[in-house]
Structure formats: C-alpha cells, structure tokens
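Examination of the molecular architecture
The lines below spell out each chain.
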Amino acid sequence: MKYALAIVLAGGALAAVSEAPAATVPATAHAVDLDRETKSRPAHPLLLLADSDADDDDDHDDGRWFSWNEDHDDDDDDDDDDDDRQACDRMKDPSCRGQGNPAPAGTVAPPNNNLFTNGTAPAVKSN
Amino acid sequence: MKRIIATLALTTALIAPGLALARPVTLTVNLSQYGGQGAYLALYVTDPSGAYAGSLWMAGGKSKYYKHLSDWAKFTGGDVSQVDGITGASVGAGRNLELTMDLADALFDAGYTLHVDAAVEDMRDSPNEIAMPLTSEGAGQPVRGRRYIADLTYTF
C-alpha cells in the first residue's frame, strides 16, 4: 500500500511539475519573443522614412540639382508633362497652362512689370 | 487745315515722350562647355535698393525646377506669372541665347542691376551667376559668369 501510495504521489508530483512549466514556459517564452520583437523593430518606422527623406533634403542643401533624378524616380512627372502637352497644347490655347508652368513666349503678352515697353515680347534666337 | 496741323502737333507731343522712354536692347548669353544638360536661366532686374523689379526672361519651361534658380525663387516666391510670355527653352552647354527687347530707358544709369541665376541637372545650382549694373558705359562690355555662363553682353 505504501508502495502504491508512493507511486501515486510520485506520479502526481511529476504530472504537476510537467504541467506547470508547460503552462508557464510558453507564456514566458512568448512574452520574451514579443519583447525582443518590440526592441528589435524601430519604434516608429514612418519616422525613419522621414529621416531618409531628410537626407535627401540635405542633398538639396548642397545646392546640387538632384531633383531631375528624383523626378525620374517619381517617374510620373515628366511623363505627365508629355501627356499634358498632347492633351493640352498651349501653343494653340494660351489659357491652357497645365502643371503650373508659365505661358511660353509668343502665346501671351509679357508681364506688365514696367521693364518692357508697349507690351512687346522679347525676340529670341538661340543656337 | 490749321486744325489738322494743330491736332498732329498735339498727338506728336503726346506720343514722342513715350517713344523716348524705350530703347531696343540685345542681351547675348554665351554658355560655357560645362559638360551637362541644358541650363535653366532666370534673367531679372533689381532696383537701386536691391529689391526685385521684374523678370526679363526665363530659359526653361518646367516650373518645378525653378526652385533651383534660388535667388529668383526667393524674390518671386516662385510665381510663374512673373515669366508668363517671356519663357523659352533651356540653353545647352556651349550654345548661346540672344534676346532683343524694348526696355524702359529708366532702367539704365539709374542703379538697376541685371541678374542671372543658373541651374543644370545633376550639377550645382548657381544663384546670381551674373550681376551687372545696367549702365550706358556697360553696353558692349562682356561680363563673365561664375559657373555656367562664359559671358553676357548687352548692346543698344
């Protein structure tokens, strides 16, 4: 009887020991994983993206014209301009400015800035 | 007959001073061989106090690049209406731009200054590439640019 009781007690003790870690270790491990993930990830990924943009701005501060390439990265701007030219020909319709660009010479009178007389547009030659 | 003559005399007296206030001016800009794409150029004038008086020409039609003409952009806030009707193509390296325009006589020998800002794709911006006083004596005298412009001359 004592032997049987000892076996029952030993079995219960083993079961209790084996269940307790089974219940707690995964929870602990999960907590540790979450903690690691939280620490390993950037706290604010969007802020890091903003930082990389700030680096680009620094390039601009150097006074170098990087925006042409950036526009190609943006990819659409120049293409859009071409599309706009096709959709809206400013030489035929001076009121059609598109993209916020100025009206080309010859399509509208020069600005009334008191530099030009009689509103005559400059004549231009380029080679 | 006397009435006609009187009318002619009166109209001549009214018109002549206006004609005297303008003079045809030719600006010639020669670009150096800087080895890059076409240059954007902003030609503008400041008054004797250094304040922006107005633009004479914009070489380069896409306003999104005007921020690189930084002094012009500061003076105008990038307002494209300042160059409506006086905008043409950018100017390639080694090429020249010749502009002929009727300019107000009052701009000369009165403390006004002609400025040129220049910018080229993937190269350094060059605000105030040239600043030259508008004087009668300065006519025909080429002035060298700092980076992209070999020289600029204006003649009457």
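That block above? That's the structure.
Our subject in this report is the structure included herewith. Note that the coordinates shown come from a computational prediction; the quantities given were computed from them, not determined experimentally.

1. Thoughts on unusual backbone geometry
Residue and element names in this part refer to chain B. The residue Asp109 is not glycine, and still its phi comes out positive at about 60°. Following the sequence through the fold, Asp109 ends up in the loop between strand S5 (96-104) and strand S6 (113-120). Residue Asp109 is classed as partly exposed on the basis of its relative accessible area of 48%. Phi is positive for Asn128, close to 50°, though the residue is something other than glycine. In this structure, Asn128 sits in strand S7 (residues 126-133). Classification of Asn128 as partly exposed rests on a relative accessible area of 29%.

2. Comments concerning the sheet that holds strand S8 (residues 149-155) of chain B
Pairing in this open sheet of 4 strands is antiparallel, and the strands run S1(A)-S5(B)-S1(B)-S8(B) from one edge to the other. Every interior strand has two partners, whereas the edge strands, strand S1 (123-126) of chain A together with S8 of chain B, have only one. Strand-to-strand twist across the sheet, computed as the mean angle between neighbouring axes with direction ignored, equals 15°. Note that S1 of chain A and S5 of chain B share 4 bridges and pair antiparallel.

3. Focus: the interface of chain B and chain A
Contacts between the two partners involve 44 residues from chain B, matched on the other side by 40 residues from chain A. Three residues, Tyr65, Asp84 and Asp122 of chain B, lead the burial of chain B against chain A; their summed loss comes to 17% of the area buried on that side. Scanning the region where chain B abuts chain A turns up 1 salt bridge. The salt bridge partner of Lys125 of chain A is Glu98 of chain B, with a shortest N-O separation of 3.4 Å. Where chain B packs against chain A, one counts 10 residue pairs in polar contact (both at pLDDT 80 or more). Listing elements by their share of the side of chain B that touches chain A, those giving two or more residues are strand S2 (39-46), strand S3 (52-59), S5 and S6 of chain B. Per-element tally for the side of chain B that touches chain A: the top contributor is S5 of chain B, with 9 residues. Residues belonging to the side of chain B that touches chain A are distributed by class as follows: 22 nonpolar, 11 polar and 11 charged.

4. Digging into the packing of aromatic side chains
All names here are of chain B. Applying the stated criterion across every chain, the model contains 10 aromatic pairs over all chains. For the ring pair Tyr34 and Tyr148, a centre distance of 5.0 Å and an interplane angle of 80° mean the geometry is edge-to-face. Here Tyr34, found in the loop between strand S1 (22-31) and S2, pairs with Tyr148, found in the loop between S7 and S8; they are 114 residues apart in sequence, far enough to count as distant. Each member of the pair, Tyr34 as well as Tyr148, is classed as buried. Plain terms: the ring middles of Tyr40 and Tyr65 are 5.8 Å apart, the flat faces sit at 90° to each other, and that makes the pair edge-to-face. Taken together, the positions of Tyr40 in strand S2 and Tyr65 in the loop between S3 and helix H2 (70-76) put the pair 25 residues apart, joining distant regions of the chain. Judged on exposure class, the residue Tyr40 and its partner Tyr65 are both buried. Aromatic ring contacts, followed pair by pair, group Tyr40, Tyr65, Tyr66 and Trp72 into a single cluster. One residue, Arg23, lies across the ring of Phe156, its end atom 4.3 Å from the ring centre.

Quick notes on the rules
Residues numbered from 1 in each chain as written. Chains lettered and ligands numbered in written order. Predicted model: local features only at pLDDT ≥ 70, side-chain atom pairs only at ≥ 80, totals over all residues. Heavy atoms only, no water. Helix = DSSP H or I, 4+ residues; strand = E, 2+ residues; numbered from the N terminus. Buried < 20%, exposed > 50% of the residue type's maximum accessible area, 1.4 Å probe, protein only. Pairing = 2+ DSSP bridges. Axes fitted to C-alpha atoms, helices over the stretch in contact; angles between N-to-C directions. Contact = heavy atoms within 4.5 Å. Buried area = accessible area lost by both parts, 1.4 Å probe. Salt bridge = Lys/Arg side-chain N within 4 Å of Asp/Glu carboxyl O. Polar contact = N/O pair within 3.5 Å; in protein donor to acceptor, adjacent residues only side chain to side chain. Nonpolar A, V, L, I, M, F, W, Y, C, P; charged D, E, K, R; others polar. Phe/Tyr/Trp six-rings, centres within 6.5 Å; stacked < 30°, edge-to-face > 60°. Lys NZ or Arg CZ within 6 Å of the ring centre and 35° of its normal.

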